[in-house]
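Residue-level structure breakdown
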Amino acid sequence: MKIGMNMLLWTNHVTEQHFGIVDDLKKTGYDGIELFFGEGSEKYYSELGNHFSGMDMGVTGVASLSAEENIASPDKKVREAGLERLKWSIDMGAAANAEVLCGPFHSTFALFTRKPPTPRKEME
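The text that follows walks through the structure, step by step, so that each part is easy to find. No experiment lies behind these values; they were computed from the predicted model shown.

1. Thoughts on the overall build of the protein
Of regular secondary structure, the protein possesses three helices and four strands. Dimensions along the principal axes, computed over C-alpha positions, put the protein at roughly 55 × 30 × 25 Å. Evaluated residue by residue, the protein yields a buried proportion of 33% over its 124 residues. For the protein, the share of sequence-separated contacts (at least 6 apart) that also reach a separation of at least 24 residues comes to 75%. For the protein, the accessible area works out to roughly 8,200 Å², and carbon and sulfur atoms hold 55% of it. Across the protein, the 13 positively charged side chains and the 18 negatively charged ones have centroids separated by 9 Å.

2. Considerations on the nonpolar core
Judged by nonpolar contacts, the single largest core of 19 residues is most densely connected at Ile33, Leu35, Tyr45, Leu48 and Phe52. Counting only elements with at least two residues in this core, the list comes to helix H1 (19-28), strand E2 (32-36), helix H2 (42-54) and helix H3 (76-95). Counting residues per element, this core draws most heavily on H2, at four residues. Apart from the residues within four sequence positions on either side, Leu48 is in contact with Val14, Phe19 and Leu35.

3. Things to note about the packing of aromatic side chains
The full count for this structure, using the stated rule, is four aromatic pairs. For the pair Tyr44 and Tyr45, a centre-to-centre distance of 4.6 Å together with 75 degrees between the ring planes defines the contact as edge-to-face. Taking 6.1 Å as the distance between ring centres and 80 degrees as the angle between the ring planes, the aromatic pair formed by Tyr45 and Trp88 counts as edge-to-face. Here the residue Tyr45 occupies a position in helix H2, and Trp88 occupies one in helix H3, the gap between them amounting to 43 residues.

4. Remarks on the sheet that holds E2
The four strands lie next to each other as E1-E2-E3-E4, forming an open sheet whose pairing is parallel. Strands at the two margins of the open sheet, each flanked by one partner only, are strand E1 (4-6) and strand E4 (101-102). Sheet topology note: the E2/strand E3 (residues 58-62) ladder contains five bridges and is parallel. In the sheet register, Ile33 faces E3, and the bridge partner there is Val59.

5. Regarding the pattern of salt bridges
For the structure on display, the rule yields three salt bridges. Of the charged contacts, one joins Lys26 and Asp56 as a salt bridge, the two residues approaching to 3.9 Å between their closest N and O atoms. One end of the pair, Lys26, is in helix H1; the other, Asp56, is in the loop between H2 and E3, with 30 residues separating them in the sequence. Among the salt bridges present, the one from Glu84 reaches Lys87, with a minimum N-O distance of 3.6 Å. Taken together, the residues span about one helical turn, with Glu84 and Lys87 both in helix H3 at a distance of three residues.

6. Thoughts on the environment of Gly103
Tracing the backbone through its elements, the reader meets Gly103 in the segment after E4. In this structure, the C-alpha to C-alpha distance between Gly103 and Phe36, residues 67 residues apart in sequence, is 9.4 Å. For Gly103, the residues in contact, after removing those within four places along its chain, are Val62 and Ala63.

Reading the values: rules and limits
- Residues numbered from 1 in each chain as written.
- Predicted model: local features only at pLDDT ≥ 70, side-chain atom pairs only at ≥ 80, totals over all residues.
- Heavy atoms only, no water.
- Helix = DSSP H or I, 4+ residues; strand = E, 2+ residues; numbered from the N terminus.
- Buried < 20%, exposed > 50% of the residue type's maximum accessible area, 1.4 Å probe, protein only.
- Contact = heavy atoms within 4.5 Å.
- Areas by Shrake-Rupley, 256 points an atom, 1.4 Å probe, with all protein chains shown as cover.
- Lys, Arg positive; Asp, Glu negative; His and termini not counted.
- Charge placed at Lys NZ, Arg CZ, Asp CG, Glu CD.
- Core = buried A, V, L, I, M, F, W, Y, C linked by side-chain atoms within 4.5 Å.
- Phe/Tyr/Trp six-rings, centres within 6.5 Å; stacked < 30°, edge-to-face > 60°.
- Pairing = 2+ DSSP bridges.
- Salt bridge = Lys/Arg side-chain N within 4 Å of Asp/Glu carboxyl O.

So, to be careful, I would describe these as geometric facts and stop short of saying anything about function.
This is how it looks when you write it as structure tokens:
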């Protein structure tokens with residue numbers, strides 16, 4: 001069994017200044033870390049992934065969607081933006097050598113309409 005630690009406990013954007021934390025996690029016996037895919041380029045995630053692979057730390061990734069990227073939205077443009085964000089997250093995960101990508105990405109995290117359920121309408 002492998003055990004990892006989510007870097008969101010310290011930051012939503014891991015940089016070199018956080019490498020000491022990952023070193024300590026490795027010394028403590030953790031097998032990997034989870035990175036939040038929030039911002040950054042393919043080069044940025046590739047450099048992180050290479051660094052952590054070099055110290056034998058596995059990487060998993062977590063992605064989420066904003067209200068403007070909600071793939072459960074009735075608005076086609078919002079759903080399309082969500083699909084693009086998910087594709088970007090998959091690409092960043094590949095760059096970071098992530099073994100797993102998790103979410104919440106079925107819809108926007110903590111977005112509630114505060115309305116009771118309504119009959120299903122066909123989406124655009």
